[in-house]
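# Tertiary structure, described
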Amino acid sequence: IDLLYVGRFDTEKQPIKFVQLVESLIKKGRNIKAVMIGSGSLYDKTEKYIFDNNLSGYIQLTGFISKEKICYFYKESKLLVITSKTEGLPTVILDAAAYGMSFISPALGSIPYL
């Protein structure tokens, strides 16, 4: 797994922005495999965007899964991507760090200090 999204599917977390990032990389010739973990009010809209733009072969949606099962994805992924508009202390970064995983994010909340 190249890129991983873990979080709520809501306006603040911008899951479609993650999908558009993957889409942009694919259009530039990158062979990307991405996984999105989570649920929320934008889940169906995100799923539809993926389907409508022929991205199903590149992006896997898991829905909500237990923390124990999420660990597998941290171990198998190269980069955690955070697309949030705002953040406090994103525990997803701490979880990823426990598995030696890097992340990319805008400088929000406490992220610049992590």
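Everything in this summary refers to the structure shown in the same document. Not measured: the values here are computed from a predicted model.

## Observations concerning the packing of aromatic side chains
Aromatic ring pairs are described here by two measures, namely the spacing of the ring centres and the angle between the planes. Taken as a whole and assessed by the stated rule, the structure comprises five aromatic pairs. Judged by centre distance (5.4 Å) and plane angle (70°), the rings of Tyr5 and Phe9 are edge-to-face. Given the relative accessible area of 0%, Phe9 is considered buried.

## Overview of the layout of surface pockets
For the largest pocket, the calculated volume is near 380 Å³. Lining the largest pocket we find 24 residues, and of these Val6, Gly7, Arg8, Lys13 and Val92 sit closest to its centre. With three residues, helix α4 (residues 91-98) is the single largest residue contributor to the lining of the largest pocket.

## Structural notes on the nonpolar core
Within the largest apolar cluster, 17 residues are counted, with the highest numbers of intra-cluster contacts made by Phe18, Val22, Met36 and Ile59. Breaking this core down by element, the ones donating at least two residues are β1 (3-6), α1 (15-27), β2 (34-37), α2 (43-52) and β3 (59-63). Element by element, the count of residues in this core is highest for α1, at four residues. Ignoring anything within four residues of it in the chain, the contact list for Val22 reads Leu3, Ile32, Ala34 and Ile59.

## Overview of the environment of Glu23
Along the polypeptide, Glu23 turns up in helix α1. The exposure class assigned to Glu23 is buried, which follows from its relative accessible area of 10%. Along the primary structure Glu23 and Ile50 are separated by 27 residues, whereas in three dimensions their C-alpha atoms are 9.0 Å apart. The residues touching Glu23, leaving out its near neighbours within four places in the chain, are Tyr49, Asn53 and Leu55.

## Some thoughts on the environment of Gly57
With respect to the element layout, Gly57 can be found in the loop between α2 and β3. A C-alpha to C-alpha distance of 30 Å links Gly57 and Thr86, two positions 29 residues apart in sequence.

Parameters at a glance
Residues numbered from 1 in each chain as written. Predicted model: local features only at pLDDT ≥ 70, side-chain atom pairs only at ≥ 80, totals over all residues. Heavy atoms only, no water. Phe/Tyr/Trp six-rings, centres within 6.5 Å; stacked < 30°, edge-to-face > 60°. Buried < 20%, exposed > 50% of the residue type's maximum accessible area, 1.4 Å probe, protein only. 1 Å grid on protein atoms, 1.4 Å probe; cavity = no way out; pocket = protein on both sides within 12 Å on 5 of 7 lines; lining within 4 Å. Points joined across faces, edges and corners; volume = space filled by probe spheres on them. Helix = DSSP H or I, 4+ residues; strand = E, 2+ residues; numbered from the N terminus. Core = buried A, V, L, I, M, F, W, Y, C linked by side-chain atoms within 4.5 Å. Contact = heavy atoms within 4.5 Å.

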